[in-house]
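# Commentary on secondary and tertiary structure
Chain residues, written in single-letter form:
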Amino acid sequence: VVNTIESGEALELEVVRRMPKEHPRCGTNLAVFFLLTILIYQISKNILLALIIPLLSWRYLGMIVQRYITTKEPPDRYLLNAIEAGRELLKKFREAPHLRPSFPQRIYNMGILHIIAGYSLIFTIYQIVLLLVR
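Summary of the structure given here. Note that the coordinates shown come from a computational prediction; the quantities given were computed from them, not determined experimentally. (Residues numbered from 1 in each chain as written. Predicted model: local features only at pLDDT ≥ 70, side-chain atom pairs only at ≥ 80, totals over all residues. Heavy atoms only, no water.)

## Remarks on the overall build of the chain
This is how the line gets drawn: Labels follow the DSSP assignment, with helices taken as runs of H or I lasting at least four residues and strands as runs of E lasting at least two, numbered in each case from the N terminus. Each radius of gyration reported is based on C-alpha atoms, and the globular scaling rule is 2.2 Å times the count of residues to the power 0.38. Residue exposure (1.4 Å probe, protein chains only): buried if accessible area is under 20% of the type maximum, exposed if over 50%, otherwise partly exposed. Here, residues are in contact when the closest pair of their heavy atoms is within 4.5 Å. The Shrake-Rupley method, run with a 1.4 Å probe, gives the accessible areas here. Residue values count only the displayed protein chains as cover. Charge counting follows a simple rule: Lys and Arg are positive, Asp and Glu are negative, and His as well as the terminal groups are ignored. A charged residue contributes its charge at one atom only: NZ of Lys, CZ of Arg, CG of Asp or CD of Glu.
Within the chain one finds 7 helices and 0 strands. Each helix and strand of the chain, ordered N terminal to C terminal, gives the series α-α-α-α-α-α-α. Over its C-alpha trace the chain gives a radius of gyration of 19 Å, far above what one expects of a compact globule, namely 14 Å for 134 residues. Counting all 134 residues of the chain, 20% fall into the buried class. Nonlocal contacts in the chain, meaning residues at least 24 apart in sequence, comprise 62% of its contacts between residues at least 6 apart. Accessible area for the chain stands at about 10,300 Å²; split by element, carbon and sulfur atoms hold 67% of it. Across the chain, the 16 positively charged side chains and the 10 negatively charged ones have centroids separated by 11 Å.

Next comes the structure, spelled out in C-alpha cells:
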C-alpha cells in the first residue's frame, strides 16, 4: 500500500497486488545495518571496516531479507484491510495537512527504539547462552 501511495497510483486491489512488498525505508534495512556492523566488528575488530561494509550494502541486503525472510505474499483480505487503512490515512492527511507529530513522536514512530530494544534482548540472550555453554 505504501509503494502504491508513493507511486501515485490508485489504491485498488489489483494495483496494490502488483506492487513490490519490499520497501527501501523499511526498518528491516536499519536492523540489517546494525546487525552487519556488529557482526563485522566482532569478527574483524576493525571499526572502519565494520562501518564501511554495512554502509555500502545495508539497503541491498535489507531488501533481500525483506523478500525472503521477513515478509510473505499477503492474502487479499490483508491487502483490502491495508488499502482501507491507507485510504483513512490519506483522508486524515487531506483534512489536516498542517498537523504533524512532535519530534519525540516522530522518533518513536521511526522504529529505531524498537530495533535497539530487540537487538538488546537478542544480544542479552546470546550472552547468557554463551555463559551457560562455557
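## Some words on a nonpolar patch on the surface
Stated precisely, the cut-off is as follows: Patch building starts from residues that exceed 30% relative accessible area and form no salt bridge, then joins like charges within 9 Å and nonpolar side chains (Val, Leu, Ile, Met, Phe, Trp, Tyr) within 5 Å. For this analysis, a salt bridge means a side-chain nitrogen from Lys or Arg found within 4 Å of a carboxyl oxygen belonging to Asp or Glu.
On the surface, Tyr 41, Ile 47, Leu 48, Leu 51, Ile 52, Leu 55 and Leu 56 cluster together into a nonpolar patch covering about 710 Å² of accessible area. Per element, the largest residue contribution to the nonpolar patch is 6 residues, and it comes from helix H4 (residues 47-70). Mapped onto the secondary structure, Leu 48 falls in helix H4. A relative accessible area of 55% places Leu 48 in the exposed class.

## Some remarks on the nonpolar core
Quick note on the threshold: In this text, buried Ala, Val, Leu, Ile, Met, Phe, Trp, Tyr and Cys residues form a nonpolar core when linked through side-chain atoms within 4.5 Å.
Membership of the largest hydrophobic core is limited to 5 residues, which are Leu 11, Leu 13, Val 16, Leu 79 and Ile 83. Every element with two or more residues in this core is listed here: helix H2 (13-18) and helix H5 (76-95).

## Description of H4
Where we set the bar: What a helix should span is 1.5 Å times the count of its residues minus one. For a residue, the bend is simply the angle between two axes, fitted respectively to the seven-residue segment ending there and the seven-residue segment starting there. Between N or O atoms, a polar contact is any pair within 3.5 Å; within protein, one atom must be a potential hydrogen donor and the other a potential acceptor, and residues adjacent in sequence are included only when both atoms are from side chains.
If you check H4, its first and last C-alpha atoms are just 28 Å apart, much less than what 24 residues at 1.5 Å a residue would give, namely 34 Å. The largest bend in H4 is about 55°, located at Trp 58. Looking at H4, one finds that the buried residues are Ala 50, Pro 54, Ser 57, Gly 62 and Gln 66. Where the residues of H4 are buried, they touch helix H3 (27-44). Two or three places before Leu 48, at the start of H4, stands the capping residue Asn 46, its side-chain oxygen 3.0 Å from that residue's backbone nitrogen.

## Details of unusual backbone geometry
Positive phi, close to 60°, is recorded for Lys 45, a residue that is not glycine. One can find Lys 45 in the loop between H3 and H4. On the accessibility criterion, Lys 45 (54% relative accessible area) is exposed.

## A few points about the side chain of Thr 4
Of note, Thr 4 is situated in helix H1 (residues 2-7). Dropping the residues within four chain positions of it, Thr 4 is found in contact with Glu 9, Ala 10, Leu 11, Val 15, Val 16 and Met 19.

## Describing the packing of aromatic side chains
Both the distance between ring centres and the angle between the ring planes are used here to describe each pair of aromatic rings. Applicable threshold: Side-chain rings of Phe, Tyr and Trp, where Trp is taken by its six-membered ring, are said to pair if the distance between their centres is within 6.5 Å; with planes under 30 degrees apart they count as stacked, over 60 as edge-to-face, and otherwise as tilted.
Evaluation of the coordinates by the stated rule reveals 3 aromatic pairs. Clustering of aromatic rings is evident, with ring pairs tying together Phe 33, Phe 34 and Trp 58.

## A short note on the environment of Thr 71
Its place among the elements puts Thr 71 in the loop between H4 and H5. Since its relative accessible area comes to 27%, Thr 71 is described here as partly exposed. Separated by 49 residues in sequence, Thr 71 and Glu 22 have C-alpha atoms that sit 7.9 Å apart. Not counting chain neighbours up to four residues away, the residues in contact with Thr 71 comprise Lys 21 and Gln 66. A distance of 2.4 Å separates the side chain of Thr 71 from the backbone oxygen of Gln 66, its partner in a polar contact.

Scope: geometric values only; no functional claims are made or implied.
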